[in-house]
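Close look at the chain arrangement
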There are 2 protein chains.
Amino acid sequence: MSVYTAPLRDMLFTMKEVGGLEAICAQPGHEETTPDLVEAILQEAAHYAAGVLDSLNRTGDVQGARWHDGEVTPADGFREAWSSFCENGWIGMPASTEWGGQGLPTLVSTAVLEMWKSSNLAFSLCQMLTLGAVEAIAHHGSEALKQRFLEPMVAGRWTGTMNLTEPQAGSDLAALRSRAVPEGDHYRISGNKIFITWGEHDMTENIVHLVLARLPDAPPGVKGISLFLCPKFLVNDDGSLGERNDLACTSIEHKLGIHGSPTASMTFGDNGGAIGYLVGEPHQGLACMFTMMNHARLNVGLEGVGVSERAYQHARAYALERVQGKPALAGSSTIAGHPDVRRMLMDMKARTEAMRALAYFCAGQMDRVAGHPDAQERAQAQALVGLLTPVVKGWCTDSAQGITSDGLQIHGGMGYIEETGAAQYFRDARITTIYEGTTGIQANDLIGRKLAREGGRTLKGLLTRIDSDARQLMDARDPELSSIGDALMRAVRALEDGADWQLAHSDAQPQDCAAGAVPFLRLAGTVIGGWLSARMAEAATAQLAADSSDAGFLRAKRITASHYATHILVEASALRDIVVHGAASTLALSDDQL
Amino acid sequence: MSVYTAPLRDMLFTMKEVGGLEAICAQPGHEETTPDLVEAILQEAAHYAAGVLDSLNRTGDVQGARWHDGEVTPADGFREAWSSFCENGWIGMPASTEWGGQGLPTLVSTAVLEMWKSSNLAFSLCQMLTLGAVEAIAHHGSEALKQRFLEPMVAGRWTGTMNLTEPQAGSDLAALRSRAVPEGDHYRISGNKIFITWGEHDMTENIVHLVLARLPDAPPGVKGISLFLCPKFLVNDDGSLGERNDLACTSIEHKLGIHGSPTASMTFGDNGGAIGYLVGEPHQGLACMFTMMNHARLNVGLEGVGVSERAYQHARAYALERVQGKPALAGSSTIAGHPDVRRMLMDMKARTEAMRALAYFCAGQMDRVAGHPDAQERAQAQALVGLLTPVVKGWCTDSAQGITSDGLQIHGGMGYIEETGAAQYFRDARITTIYEGTTGIQANDLIGRKLAREGGRTLKGLLTRIDSDARQLMDARDPELSSIGDALMRAVRALEDGADWQLAHSDAQPQDCAAGAVPFLRLAGTVIGGWLSARMAEAATAQLAADSSDAGFLRAKRITASHYATHILVEASALRDIVVHGAASTLALSDDQL
């Protein structure tokens, strides 16, 4: 089995060249976040990820979390890992200093989160949900709720969850039935929730559930949903724990992957109603939940990056060790010298690095939103974050499917044997296109709220930047960069065509637009990822000219971008064709002709 | 859970319009195989597949085969199913009448085999391996071996296996170490084999292992490998079973999927050597094994078709039942009315039907090889079978990955829950691109032995046919057919470019050719599948004009072909670009830059 090694060199390069690390560190509030400090944090995190989380990853998969009589026991070692994770301050790292977090730039915490996701996806979910809940409470909760709940959550003494789904209400939250009845300063919550990640466990003394439910006077549909905080144990005024609340975990799911993460079915109010506290305004629960969801969507996109990186490392280690046949490539004695194995490794590498670049670019924009001194810059960054959120979530997780599959393929027959470990990444990755909104839902968000609603303004602005960068690359006297520029220029035209078509048909033919929504999302991800990949090649070229001490890495960045251009950007024109010409056949059959 | 329903209408249509059923039935020896008989056989098989095999599929997955002290117990019900499978005559159906089989055309047995693969992939492997062993013995075995072993195997009283792989020798059989020492009229075999499908079980009284091993005077490499028959129990002259042979199953693998099929590690000769009989000439084992392998490769390609069909049916059933949100499509009340769900269903359907067409086309060519009266026609058909074998194996299984993944995606969160069943097809499908030669190995066979060695003659002949059919479609006064023709014409040009590039560089730049081998195989499958899809649209159009009694099905064939043209054929140009321009970046990094 390979050991996870955080790709620090690529992470730092990407943070700097794509994420805009230096400018972010110069923003007010981040003066103490020096490049040296960032590197030190990343090194510490890399050490923790490799030493603790990665070594528990297979235990989590094999043992899984175990349910017994309403209690859930995580896999061996998870409880101790959670303690050390919190003691070392990793849990609250991305959170605000106001509640005990470290208040680091999102760009920095994103790189650290990627490591958790690479080394132990199942474990990392507990942090993600907890921090999502923290954010929802911090933004929408009353002062009393904040005072009572945030500090223990940011310290990791209590964890958080997100109770949305009900059996009849998955993607369609309008169908929610859980109810909340007012009773003094609180509410009584009743209903059944499913798919609750880390909904029950014994790693901490309390669990803070955020629950969507309807008030008695609620209008139907999504406008009648409110958000409630229901702790597993009630909390006394002095912060000590009181009675057990009326909620229980009735079972956990038997899933394809992320076995280490318990997916709970929860019942609220079997004995009169769970005590819950309103978060935000009545009937505004969806807006509150979206605070959590947007955060979670970017995080799940990052899961696509993390699990892809880990699958790549696992396959690379095997390919550089396994001897089989006569490798065609000079200097290779292992299967990494077989051109087709090399092709898969390069595809994995090129895609993963572009996905990382997209996720870090978006994280950097979030830092600009949070702290750029200029209001117009903040607004532009906010629009970009909005546009890119579904692309990060949808494209990075969609791409992770093929990447983890290639990782398994490189192992040949051994890849199909569970003990090899490649299959776990393949299974774990498979949830990422589904939870926190399927790829279809991300794509509808992209073509609707993020494209059509604003007449394509933000995307068009981005296309102009890509176009100008492509032109600059084409004009370079460097044949490799110039070829990348050519490929990028063709691809950006394809994205422009696709966007124009979507914009032209959004009013009159919404089904046709929706039929091409996922191909359009893939097109956007492919082209924007290719742009960032090309920018990294350009930056590597400039660095090489200035100082060749890191030539191996920098030349590899150029070649990797070239690989992206020749193997992945070329897909753009087919995706454009599907967006533009694909709707008729997609929608023509009647149900009984399927 | 959905129940498997064999797609009889599409199978019969494809057999007739693509496989050339009528001409094959008119060949000498098949006079009794009337269309009515064929339909009756398919209906019987469909009934058996749905009633027995499909209902055991999940049991096989959940229980798996269990190893205890050298014995392997299949999942509950498998033993009884094997008995009824054999009693009903299904086991020997594709085999020659000489040994008790039914001697049906390969085209007919292919459709039946597809049903076994759809309904229970793990179970179907036992038949596949048994019939492969039968074929190798029938072609290469001595008269005595044939007399002793074939009849019980064709009757399913004994099963067969294929013992190739050793821990150090997977794709590279040259590295085999198992040994065979002559002793009178037999040999003593010793060595360790892994990944032996159905290598041990208690469903039958005997198991006939075909084993690759080296004679003492063997030259090194693949030219020193011989094939031996080693029965689990020795067979007396009167056909009764004698002593247990010196071979044992030491364990079975814990796999990602096909849990119902035991994958055995075997040890031969722990107590002096297993008694084995030479099959074929000394040192010619690889050629003998290839008889079995080519058969198995087409069968594994058919697994790609079968599991895709099953995943499609499962997803379709869910999509037509699950209510969630407001469907955009008029007339739909379920998620099948959401355009993106519809897109995934159509992609699955269009790809699966084209894959079926390719597999049946190849099966039809095998029947021409076996029985066409004209020698030149037989030779042409043989060349086509050779060319298409790696494409059927490589492309149908590669496509099955995305299809089964889409099937899971359509289920949303439920797809990730094992009880839903969609995940099993996804896991089961994952082996098909690996065993019987990985996609990389198929692709090397395609560009080397099947393309370069004959200067591209057979492929060029096929391209001429596709070109002419595309032209005819373009000239049709039917806009839908004409559009399909346009798309096919562009795609066939892309395949021609790719083939020309491969041919031009095969001598001087073999690594560059190998770097593009899998993209070239995908290109070939995509275009040839698109050709057959287009031919089906044309045939459906002609039938519609003559008789509209089956209009719903026939119109769906046209629309499905149109979907293939607009969503899948469009990938051809990107694949061509990868073949032609992709090698440099693929091969440029050194091992330590990966």
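Residues numbered from 1 in each chain as written. Chains lettered and ligands numbered in written order. Predicted model: local features only at pLDDT ≥ 70, side-chain atom pairs only at ≥ 80, totals over all residues. Heavy atoms only, no water.

Right, let's get into the environment of A:I434. Along the chain, A:I434 falls in the loop between α11 (422–429) and α12 (439–447). In this structure the C-alpha to C-alpha distance between A:I434 and A:Q313, which are 121 residues apart in sequence, comes to 24 Å. What A:I434 contacts, discounting residues up to four positions off in sequence, is A:K393, B:L408, B:Q409, B:G412 and B:G413. (Helix = DSSP H or I, 4+ residues; strand = E, 2+ residues; numbered from the N terminus. Contact = heavy atoms within 4.5 Å.)

Before going further, it helps to spend a moment on the domain arrangement of chain A. All names here are of chain A. The domains assigned to chain A are domain 1 (8–139), domain 2 (158–283) and domain 3 (438–585). The interface of domain 1 with domain 2 comprises 24 residues on the first partner and 26 residues on the second. Across the domain 1 to domain 2 interface the summed buried area is about 2,200 Å²; carbon plus sulfur atoms make up 70%. Among the residues of domain 1 in contact with domain 2, W67, V72 and L129 are the three that bury the most area, contributing 24% of the side total. Scanning the region where domain 1 abuts domain 2 turns up one salt bridge. Linking domain 1 with domain 2 are eight residue pairs in polar contact (both at pLDDT 80 or more), by the criterion used here. Those elements that provide at least two residues to the side of domain 1 that touches domain 2 are α3 (35–63), β1 (66–68), β2 (71–73), α4 (78–87) and α6 (121–140). In terms of residue count, α6 provides more of the side of domain 1 that touches domain 2 than any other element does, ten residues in total. Its residues placed into classes, the side of domain 1 that touches domain 2 shows 15 nonpolar, five polar and four charged. (Domains from an automatic or database assignment. Buried area = accessible area lost by both parts, 1.4 Å probe. Salt bridge = Lys/Arg side-chain N within 4 Å of Asp/Glu carboxyl O. Polar contact = N/O pair within 3.5 Å; in protein donor to acceptor, adjacent residues only side chain to side chain. Nonpolar A, V, L, I, M, F, W, Y, C, P; charged D, E, K, R; others polar.)

Another aspect to go through is the packing of aromatic side chains. Counted according to the given criterion, the structure contains 27 aromatic pairs over all chains. Aromatic pair B:F78 and B:W198: ring centres 6.4 Å apart, planes at 25 degrees, arrangement stacked. In this pair, B:F78 is assigned in helix α4 (residues 78–87) and B:W198 in the loop between β5 (186–197) and β6 (206–213), connecting sequence segments 120 residues apart. On the basis of relative accessible area, B:W198 is assigned to the buried category, the value being 1%. By way of ring pairs, the aromatic residues A:Y48, A:F78, A:W82, A:F85, A:W90, A:W116, A:F123 and A:W198 are connected into one cluster. In this arrangement the basic side chain of A:R430 is found over the ring face of B:F426, its NZ or CZ atom lying 5.7 Å from the centre. (Phe/Tyr/Trp six-rings, centres within 6.5 Å; stacked < 30°, edge-to-face > 60°. Buried < 20%, exposed > 50% of the residue type's maximum accessible area, 1.4 Å probe, protein only. Lys NZ or Arg CZ within 6 Å of the ring centre and 35° of its normal.)

Secondary-structure assignment places B:D445 in helix α12 (residues 439–447). Not counting chain neighbours up to four residues away, the residues in contact with B:D445 comprise B:R297, B:P390 and B:K450.

At A:H283, a residue that is not glycine, the phi angle is positive and equals roughly 65 degrees. Its identity as a non-glycine residue notwithstanding, B:D69 has a phi of 55 degrees, on the positive side. Look at B:D69 and you get exposed, because its relative accessible area is 62%.

Before going further, it helps to examine the interface of chain B and chain A. Taken residue by residue, the interface counts 84 residues in chain B and 84 residues in chain A. Surface buried jointly by chain B and chain A totals about 7,000 Å² across both partners, of which 61% is contributed by carbon and sulfur atoms. Where chain B touches chain A, the interface holds two salt bridges. A salt bridge links A:R342 to B:D591, with the shortest nitrogen-to-oxygen separation between them at 2.6 Å.

To go from the first copy of the chain to the second, apply a rotation about an axis and then a shift along the same axis. Screw-axis analysis of chain B against chain A gives a translation of 0.0 Å along the axis, an RMSD of 0.0 Å, and a rotation angle of 180 degrees. Each copy turns onto its partner about a two-fold axis. A high fraction, 100%, of the interface residues of chain B reappear at the interface in chain A, so the copies pair face to face through one surface. (Least-squares fit on C-alpha atoms with pLDDT ≥ 70 in both.)

Turning next to the packing of helix α5 (residues 106–119) of chain B against helix α8 (residues 285–319) of chain B. The relative placement of two packed helices comes down to the angle between their axes together with the axis-to-axis distance. Residue and element names in this part refer to chain B. Packing of α5 against α8 leaves a shortest axis separation of 8 Å and a crossing angle of 55 degrees. By the angle between their axes, α5 is oblique relative to α8. In this structure, α5 meets α8 at a crossing whose hand is right-handed. The residues of α8 that touch α5, namely those facing T110, L113, E114, K117 and S118, are N299, L302, E303, V305, G306, V307, E309 and R310. Of the residues belonging to the contact of α5 with α8, the class tally is four nonpolar, four polar and five charged. (Axes fitted to C-alpha atoms, helices over the stretch in contact; angles between N-to-C directions. Parallel < 35°, antiparallel > 145°, perpendicular 65-115°, else oblique. Left-handed = near helix turned anticlockwise from the far one by under 90°.)

Attention now goes to the UniProt feature "domain: Acyl-CoA oxidase/dehydrogenase middle" (unreviewed entry) in chain A. This chain's UniProt record puts "domain: Acyl-CoA oxidase/dehydrogenase middle" (unreviewed entry) on residues 162–269 of chain A. The span residues 162–269 of chain A carries 0% helix and 48% strand; its end-to-end C-alpha distance comes to 17 Å. (UniProt positions renumbered as here; feature names shortened; annotations may be inferred.)

The subject of this paragraph is the pattern of salt bridges. Residue and element names in this part refer to chain A. The tally for this structure, following the rule as stated, stands at 74 salt bridges over all chains. Ionic pairing is found between R310 and D54, a salt bridge with its closest N-O pair at 3.0 Å. Of the two residues, R310 is situated in helix α8 (residues 285–319) and D54 in helix α3; the sequence distance between them amounts to 256 residues. Grouping residues by exposure puts R310 and D54 together as buried. Two residues, R343 and D347, come together in a salt bridge whose shortest N-O distance is 3.6 Å. Note that R343 and D347 are positioned in helix α9 (residues 339–371) at a spacing of four residues, about one turn of the helix. Here R343 and D347 have matching classes, each one buried. Beyond isolated ion pairs, a larger network of salt bridges with shared partners links D10, E114, E309, K349, E353, R356 and K557.

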